[in-house]
Amino acid sequence: MKKIKGFRTDFLWGGATAANQIEGSFDKDGKGLSSADFAEYIPKEKRQADNHMEVNSKFIDKVKSGKYSGTFPKRYGIDFYNTYEEDIKLFAEMGFKAFRMSINWSRIFPNGYDSKPNEAGLKYYDNIFKTLKSYNIEPVVTLSHYETPFGLTEKYNGWVKREVIDHFIHYAETVFERYKNDVKYWMTFNEINVINISPFTGGGIVSDRLENPIASSFQALHHQFVASALATKKLKEVIPDAQMGCMLARMKHYPYTCDPNDVLKAQEEDQMNLMYTDVHAKGKYPNYYLQYLSKNNIELEMKDEDLTILKENTVDYISFSYYMSMLSSTSPEGKTTPGNLMNSLKNPYLESSDWGWQIDPVGLRIVLNEFWDRYEKPLFIVENGLGAVDEIENGKIHDDYRIEYLRKHISEAKKAVEDGVDLIGYLSWGPIDLISMSTSEMSKRYGYIYVDQDNYGNGTKQRIKKDSFYWYKKVIESNGEIL
Ligand code: BG6
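A brief report on the enclosed structure follows. The structure presented is a predicted model; accordingly, all values stated were derived computationally and were not measured.

This part covers the sheet that holds strand β4 (residues 185–189). Within a sheet, each strand pairs with its neighbour through backbone hydrogen bonds, oriented either parallel or antiparallel. The strand order β5-β4-β3-β2-β1-β15-β14-β8-β6 describes an open sheet built from 9 strands, whose pairing is parallel. Unpaired on one side and paired on the other, β5 (243–245) and β6 (248–249) mark the two borders of the sheet. Relative to β4, strand β3 (residues 138–144) runs parallel, the two being bridged by 4 bridges. Opposite Val-141, over in β4, you have Trp-186 as the bridge partner.

Attention now moves to the packing of aromatic side chains. Applying the stated rule across the entire model yields 44 aromatic pairs. Between Tyr-81 and Tyr-124, the ring centres sit 4.4 Å apart and the planes meet at 35 degrees, which makes this aromatic pair tilted. Of this pair, Tyr-81 sits in helix α3 (residues 80–94) while Tyr-124 sits in helix α5 (residues 119–134), placing them 43 residues apart in sequence. This pair shows no difference in class: Tyr-81 is buried, exactly as Tyr-124 is. Measuring from ring centre to ring centre gives 4.8 Å for Phe-129 and Tyr-179, while their planes differ by 70 degrees; the resulting arrangement is edge-to-face. Here Phe-129 is found in helix α5, whereas its partner Tyr-179 is found in the loop between α7 (163–178) and β4, with 50 residues between them in sequence.

Another point: helix α13 (residues 361–375). Given a rise of 1.5 Å per residue, 15 residues ought to cover 21 Å, and the 22 Å separating the end C-alpha atoms of α13 matches this to within 8%. Looking only at α13, the buried set comprises Pro-361, Gly-363, Leu-364, Val-367, Leu-368, Phe-371 and Tyr-375. Down the axis of α13, the sector holding all buried residues measures 140 degrees, keeping them to one side. Two residues or fewer after α13 comes Glu-376, characterised by a positive phi angle close to 50 degrees.

Cut-offs and rules
Residues numbered from 1 in each chain as written. Predicted model: local features only at pLDDT ≥ 70, side-chain atom pairs only at ≥ 80, totals over all residues. Heavy atoms only, no water. Pairing = 2+ DSSP bridges. Helix = DSSP H or I, 4+ residues; strand = E, 2+ residues; numbered from the N terminus. Phe/Tyr/Trp six-rings, centres within 6.5 Å; stacked < 30°, edge-to-face > 60°. Buried < 20%, exposed > 50% of the residue type's maximum accessible area, 1.4 Å probe, protein only. Expected span 1.5 Å × (residues − 1). Arc of directions from axis to C-beta.

Below, the structure written as structure tokens:
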């Protein structure tokens, strides 16, 4: 076999975003509310809950009453709704081959369950795709990225109810039909595993309205799996040459020590993370998961055809986010550190970001190799990046820390390719500064492009190219040879 050298020539370099973190204009042109519009910014020193992405009924009622005066940054984003032309132009200047974005479901169906789509919402994405096309940038589209229409929360308590599957398929079919000449790469649910970590974020579910929230989150997950498979089926009917991917927040678990009990624990925790891609890629629930459900007395309600639907409609590629790795221990006495969606024990071999996330580039090579061994389907890194505080010095941002993070991760991805893995693209998270998903902060910046805006939405919104902008441009130009 010929020795592989570097990334494939059609490698999809670019960046990834979500509608609710950039667009703003949350109530313009007929858009309805979504779960993201309830995400409040609370300064770190005042945050009480660990899982601050969750909301309860009381809070929802307060916000709905209009008597609550909090800051909801995802409602105004970075104004991409109005600035997309100039922002996409900047992506093109970096040489982007692909741009990941989501369609804001409640822009198309304001309540989620409406029978007719909102033409103004559809038109907006027509314009985005037209702009991307003019620069030869391939759109990679997520159908649902933490923006469940709030109408579905009100009517069904989100994905807990099976009816939501039909509404999702109606939405999916509508956008497949409309954009069949524009979009080839699709994904259904962003980080589908989040539904079991933050049910409101992942599925518009208000947990205190449920008798058994944990069991309900697994039931809701089943509905999302079926919806995802049905959307895949529909996609192939409407756009036969399109590709459907899944989307997992990959959290690789290492054993804390070489004690076989820790190794076993890490294996179990890793399985519970890979379960989601197992279902998407292999089309069935793995035995270890079915046993987990039984041991926890969770019985899924299924229709006869569900398992066949899963079996017959698996994904074409495995897409995932990767930010950090985790540790598993049977005697967790060590120091913990915050992480993407979950805390972890602190790994003494790794450095952490300003937000405590453990930086592990080699972990990316491990993860890529494992995915490839397990599924033998093309892999696509659709999120990776460093959230950091940036300072402006004489109008410039010298973000060498971000360059270092990205350089090391891309370099490990390249080694994985040379190990024999089929990797089709790399999309870094937040190519332009955007609102943080977990904390709704603006000061947690991922971009190559700085946005002059603070945590309360004040600022000129001016776009400034950081040092990483010029660096990434060279990376793309050289197809990852100059890092
Ligand atoms: C991923 C999400 O989990 O991580 C993104 O898909 C999110 O929406 C990203 O923005 C980074 O997380 P955060 O909390 O730093 O914005």
